[in-house]
Amino acid sequence: MAEERPIRVLLADDHPVVREGLIAMLESADGITVVGEAGSGEEAVVQAGALRPDIILLDLRMGGMDGVSATQHILRRLPDSKVVIVTTYEDDTDILRAVEAGAAGYLLKGSSRHELIGAVRSAARGETVLTPSLAGKLFRARGPEQSALSERECEVLRLVSQGLTNAEIGTELFISEATVKTYLLRSFKKLGVSDRTAAVMTAFERGLLS
(Lines give C-alpha, C1' and ligand atoms only; values in the text may rest on other atoms or scores of the structure.)
Protein backbone atom coordinates (compact mmCIF):
# COMPACT_ATOMS: atom_id res chain seq x y z
CA MET A 1 0.00 0.00 0.00
CA ALA A 2 1.34 3.44 -0.92
CA GLU A 3 2.47 5.66 1.95
CA GLU A 4 0.27 8.64 2.76
CA ARG A 5 1.73 11.92 1.51
CA PRO A 6 3.20 14.00 4.34
CA ILE A 7 1.60 17.30 5.35
CA ARG A 8 3.73 20.05 3.80
CA VAL A 9 4.22 23.06 6.09
CA LEU A 10 5.55 26.57 5.50
CA LEU A 11 6.55 28.50 8.64
CA ALA A 12 6.72 32.30 8.84
CA ASP A 13 8.09 34.19 11.85
CA ASP A 14 10.42 37.17 12.06
CA HIS A 15 12.47 35.63 14.88
CA PRO A 16 14.97 33.00 13.61
CA VAL A 17 15.23 31.28 17.01
CA VAL A 18 11.44 30.86 17.17
CA ARG A 19 11.42 29.44 13.64
CA GLU A 20 14.15 26.97 14.54
CA GLY A 21 12.25 25.78 17.61
CA LEU A 22 8.95 25.33 15.78
CA ILE A 23 10.64 23.58 12.85
CA ALA A 24 12.38 21.16 15.23
CA MET A 25 9.04 20.27 16.86
CA LEU A 26 7.28 19.80 13.55
CA GLU A 27 10.05 17.76 11.94
CA SER A 28 10.03 15.38 14.92
CA ALA A 29 6.49 14.28 14.02
CA ASP A 30 5.65 11.53 11.58
CA GLY A 31 3.84 12.62 8.45
CA ILE A 32 4.81 16.31 8.65
CA THR A 33 7.56 18.00 6.65
CA VAL A 34 8.61 21.65 6.71
CA VAL A 35 9.12 22.69 3.08
CA GLY A 36 10.10 26.30 3.70
CA GLU A 37 10.46 29.19 6.13
CA ALA A 38 9.96 32.93 5.88
CA GLY A 39 10.98 35.90 7.98
CA SER A 40 8.21 38.30 6.97
CA GLY A 41 4.64 38.40 5.75
CA GLU A 42 5.74 39.45 2.27
CA GLU A 43 8.21 36.56 2.09
CA ALA A 44 5.52 34.15 3.32
CA VAL A 45 3.22 35.19 0.46
CA VAL A 46 6.00 34.62 -2.12
CA GLN A 47 7.09 31.31 -0.58
CA ALA A 48 3.51 30.06 -0.37
CA GLY A 49 2.98 30.79 -4.06
CA ALA A 50 6.18 28.97 -5.01
CA LEU A 51 5.91 25.98 -2.65
CA ARG A 52 2.11 25.55 -2.47
CA PRO A 53 2.20 24.06 1.06
CA ASP A 54 -0.77 22.36 2.73
CA ILE A 55 -0.39 24.40 5.93
CA ILE A 56 1.12 27.83 6.54
CA LEU A 57 1.99 28.70 10.15
CA LEU A 58 2.09 32.49 10.38
CA ASP A 59 3.27 34.80 13.12
CA LEU A 60 0.63 37.48 13.72
CA ARG A 61 2.86 40.53 14.08
CA MET A 62 5.85 40.86 11.77
CA GLY A 63 7.57 43.89 10.32
CA GLY A 64 5.77 45.10 7.20
CA MET A 65 2.86 42.87 6.24
CA ASP A 66 1.27 41.30 9.32
CA GLY A 67 -0.11 37.78 9.61
CA VAL A 68 -3.71 38.77 8.88
CA SER A 69 -2.81 40.57 5.66
CA ALA A 70 -0.54 37.69 4.63
CA THR A 71 -3.40 35.27 5.31
CA GLN A 72 -5.70 37.21 3.00
CA HIS A 73 -3.10 37.36 0.21
CA ILE A 74 -2.20 33.67 0.50
CA LEU A 75 -5.76 32.37 0.56
CA ARG A 76 -6.75 34.46 -2.45
CA ARG A 77 -4.05 32.64 -4.43
CA LEU A 78 -4.19 29.27 -2.67
CA PRO A 79 -7.74 28.69 -1.40
CA ASP A 80 -7.00 25.02 -0.65
CA SER A 81 -4.11 25.83 1.71
CA LYS A 82 -4.78 26.28 5.42
CA VAL A 83 -3.34 29.10 7.52
CA VAL A 84 -2.82 28.77 11.27
CA ILE A 85 -1.77 31.89 13.18
CA VAL A 86 0.85 31.19 15.86
CA THR A 87 1.51 34.14 18.16
CA THR A 88 2.23 35.39 21.66
CA TYR A 89 -0.72 37.82 21.52
CA GLU A 90 -4.19 37.10 22.93
CA ASP A 91 -6.02 40.28 21.95
CA ASP A 92 -9.72 39.67 21.18
CA THR A 93 -9.66 41.86 18.07
CA ASP A 94 -6.57 40.15 16.65
CA ILE A 95 -8.13 36.71 17.07
CA LEU A 96 -11.33 37.81 15.38
CA ARG A 97 -9.44 39.46 12.50
CA ALA A 98 -7.41 36.32 11.90
CA VAL A 99 -10.41 33.98 11.83
CA GLU A 100 -12.45 36.30 9.65
CA ALA A 101 -9.52 36.62 7.23
CA GLY A 102 -9.90 32.89 6.65
CA ALA A 103 -7.33 31.45 9.06
CA ALA A 104 -8.03 27.84 9.99
CA GLY A 105 -6.93 28.50 13.54
CA TYR A 106 -5.12 30.53 16.16
CA LEU A 107 -2.48 29.10 18.52
CA LEU A 108 -0.28 30.63 21.20
CA LYS A 109 3.48 30.20 20.91
CA GLY A 110 3.42 28.69 24.38
CA SER A 111 1.46 25.73 23.06
CA SER A 112 3.02 22.33 23.63
CA ARG A 113 4.59 20.19 20.91
CA HIS A 114 1.53 17.92 21.12
CA GLU A 115 -0.83 20.89 20.62
CA LEU A 116 1.19 22.29 17.72
CA ILE A 117 1.38 18.98 15.86
CA GLY A 118 -2.27 18.25 16.59
CA ALA A 119 -3.22 21.68 15.22
CA VAL A 120 -1.35 21.06 11.97
CA ARG A 121 -3.03 17.69 11.51
CA SER A 122 -6.47 19.06 12.40
CA ALA A 123 -6.09 21.98 9.99
CA ALA A 124 -5.01 19.57 7.26
CA ARG A 125 -8.29 17.68 7.83
CA GLY A 126 -10.22 20.91 7.33
CA GLU A 127 -11.02 21.47 11.00
CA THR A 128 -10.97 24.77 12.88
CA VAL A 129 -8.10 25.01 15.39
CA LEU A 130 -8.36 27.29 18.41
CA THR A 131 -6.36 27.10 21.64
CA PRO A 132 -9.01 26.40 24.34
CA SER A 133 -7.92 29.36 26.46
CA LEU A 134 -8.70 31.65 23.52
CA ALA A 135 -12.20 30.34 22.80
CA GLY A 136 -13.87 32.58 25.37
CA LYS A 137 -12.06 35.65 24.04
CA LEU A 138 -13.27 34.97 20.53
CA PHE A 139 -16.82 34.43 21.69
CA ARG A 140 -16.81 37.70 23.65
CA ALA A 141 -15.42 39.51 20.61
CA ARG A 142 -18.33 38.25 18.53
CA GLY A 143 -20.89 39.87 20.79
CA PRO A 144 -23.74 38.85 23.12
CA GLU A 145 -24.61 35.19 23.47
CA GLN A 146 -27.74 33.93 21.78
CA SER A 147 -29.76 31.06 23.21
CA ALA A 148 -30.81 29.01 20.20
CA LEU A 149 -29.03 27.69 17.16
CA SER A 150 -30.13 29.18 13.86
CA GLU A 151 -31.35 26.96 11.05
CA ARG A 152 -28.05 27.42 9.21
CA GLU A 153 -25.99 26.60 12.30
CA CYS A 154 -27.98 23.38 12.66
CA GLU A 155 -27.35 22.57 8.99
CA VAL A 156 -23.61 23.03 9.47
CA LEU A 157 -23.51 20.84 12.59
CA ARG A 158 -25.60 18.18 10.86
CA LEU A 159 -23.01 18.00 8.07
CA VAL A 160 -20.20 17.93 10.65
CA SER A 161 -21.91 14.89 12.20
CA GLN A 162 -21.73 13.22 8.79
CA GLY A 163 -17.95 13.60 8.76
CA LEU A 164 -17.66 16.46 6.26
CA THR A 165 -14.76 18.92 6.49
CA ASN A 166 -15.31 22.69 6.58
CA ALA A 167 -14.44 22.91 2.88
CA GLU A 168 -16.90 20.14 2.00
CA ILE A 169 -19.62 21.78 4.09
CA GLY A 170 -19.01 25.07 2.28
CA THR A 171 -19.39 23.33 -1.08
CA GLU A 172 -22.56 21.57 0.06
CA LEU A 173 -24.19 24.77 1.33
CA PHE A 174 -22.75 27.12 -1.33
CA ILE A 175 -20.96 29.28 1.26
CA SER A 176 -17.28 30.04 1.86
CA GLU A 177 -15.14 27.98 4.20
CA ALA A 178 -14.61 31.10 6.35
CA THR A 179 -18.40 31.42 6.71
CA VAL A 180 -18.60 27.77 7.79
CA LYS A 181 -16.03 28.52 10.50
CA THR A 182 -18.09 31.49 11.65
CA TYR A 183 -21.23 29.35 11.98
CA LEU A 184 -19.28 26.70 13.88
CA LEU A 185 -17.76 29.20 16.29
CA ARG A 186 -21.18 30.74 16.97
CA SER A 187 -22.53 27.26 17.63
CA PHE A 188 -19.68 26.55 20.05
CA LYS A 189 -20.54 29.69 21.99
CA LYS A 190 -24.24 28.96 22.18
CA LEU A 191 -23.67 25.35 23.22
CA GLY A 192 -20.89 26.15 25.69
CA VAL A 193 -18.32 23.90 24.00
CA SER A 194 -14.95 24.41 22.31
CA ASP A 195 -14.75 21.82 19.54
CA ARG A 196 -16.73 20.20 16.72
CA THR A 197 -17.27 16.82 18.37
CA ALA A 198 -18.61 18.31 21.58
CA ALA A 199 -20.86 20.67 19.60
CA VAL A 200 -22.46 17.79 17.67
CA MET A 201 -22.90 15.65 20.78
CA THR A 202 -24.42 18.51 22.78
CA ALA A 203 -26.75 19.48 19.92
CA PHE A 204 -28.02 15.89 19.66
CA GLU A 205 -28.43 15.67 23.44
CA ARG A 206 -30.56 18.83 23.39
CA GLY A 207 -32.67 17.57 20.49
CA LEU A 208 -31.44 20.29 18.16
CA LEU A 209 -30.34 17.80 15.47
CA SER A 210 -32.32 14.89 14.11
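Just so we're clear, the structure is a prediction, and the values are computed from it rather than from any experiment.

Moving on to the overall build of the chain. From N to C terminus, the chain includes 10 helices and 6 strands. For the chain, the share of sequence-separated contacts (at least 6 apart) that also reach a separation of at least 24 residues comes to 65%. Looking at the chain as shown, the accessible area adds up to about 10000 Å², and 50% of this sits on carbon and sulfur atoms.

Turning next to the pairing of strand β2 (residues 32-38). In this sheet, β2 lies alongside strand β1 (residues 7-12) in parallel orientation, the contact comprising 6 bridges. Paired with L11 across the two strands is E37, which belongs to β2. Once the chain exits β1 it traverses helix α1 (residues 16-27) before rejoining the sheet at β2, and the crossover so formed is right-handed.

Taken N-terminus to C-terminus, the directions of helix α7 (residues 151-161) and helix α8 (residues 166-173) make an angle of 130°; their axes are 10 Å apart at the nearest point. Between α7 and α8, the angle falls in the class oblique. For α7 against α8, the interelement crossing comes out right-handed. Every residue of α8 that contacts α7 at R152, E155, V156, L159 and V160 is listed here: I169, E172 and L173.

Let's shift gears to unusual backbone geometry. In this structure, R52 is a non-glycine residue whose phi angle is positive, near 50°. Among the structural elements, R52 can be located in the loop between α2 (41-51) and β3 (55-58). The phi angle at F174 is positive, at roughly 60°, despite the residue not being glycine.

Another point: the pattern of salt bridges. Taken as a whole and judged by the stated rule, the model has 8 salt bridges. Across the pair R5 and D54 runs a salt bridge whose closest N-O atoms are separated by 2.9 Å. One end of the pair, R5, is in the segment before β1; the other, D54, is in the loop between α2 and β3, with 49 residues separating them in the sequence. Since its relative accessible area comes to 53%, R5 is described here as exposed. The closest approach of N and O atoms between E127 and R125, which form a salt bridge, is 3.2 Å. Assessed through its relative accessible area of 24%, E127 is described here as partly exposed. Ionic contacts of the salt-bridge type, sharing partners, join the residues D13, D59 and K109 into one network.

What follows covers the sheet that holds β2. Taken in spatial order, the 6 strands of this open sheet run β2-β1-β3-β4-β5-β6, and their pairing is parallel. Edge positions in the sheet fall to β2 and β6 (129-130), since each of these pairs with one other strand and no more. As defined by bridge partners, strand β5 (residues 105-108) adjoins β6 across 2 bridges and the pair is classed as parallel. Across the sheet, G105 pairs through a bridge with V129, a residue of β6.

Thresholds, definitions, all that
- Residues numbered from 1 in each chain as written.
- Predicted model: local features only at pLDDT ≥ 70, side-chain atom pairs only at ≥ 80, totals over all residues.
- Heavy atoms only, no water.
- Helix = DSSP H or I, 4+ residues; strand = E, 2+ residues; numbered from the N terminus.
- Contact = heavy atoms within 4.5 Å.
- Areas by Shrake-Rupley, 256 points an atom, 1.4 Å probe, with all protein chains shown as cover.
- Pairing = 2+ DSSP bridges.
- Right-handed = clockwise from strand over helix to strand, strands pointing away.
- Axes fitted to C-alpha atoms, helices over the stretch in contact; angles between N-to-C directions.
- Parallel < 35°, antiparallel > 145°, perpendicular 65-115°, else oblique.
- Left-handed = near helix turned anticlockwise from the far one by under 90°.
- Salt bridge = Lys/Arg side-chain N within 4 Å of Asp/Glu carboxyl O.
- Buried < 20%, exposed > 50% of the residue type's maximum accessible area, 1.4 Å probe, protein only.

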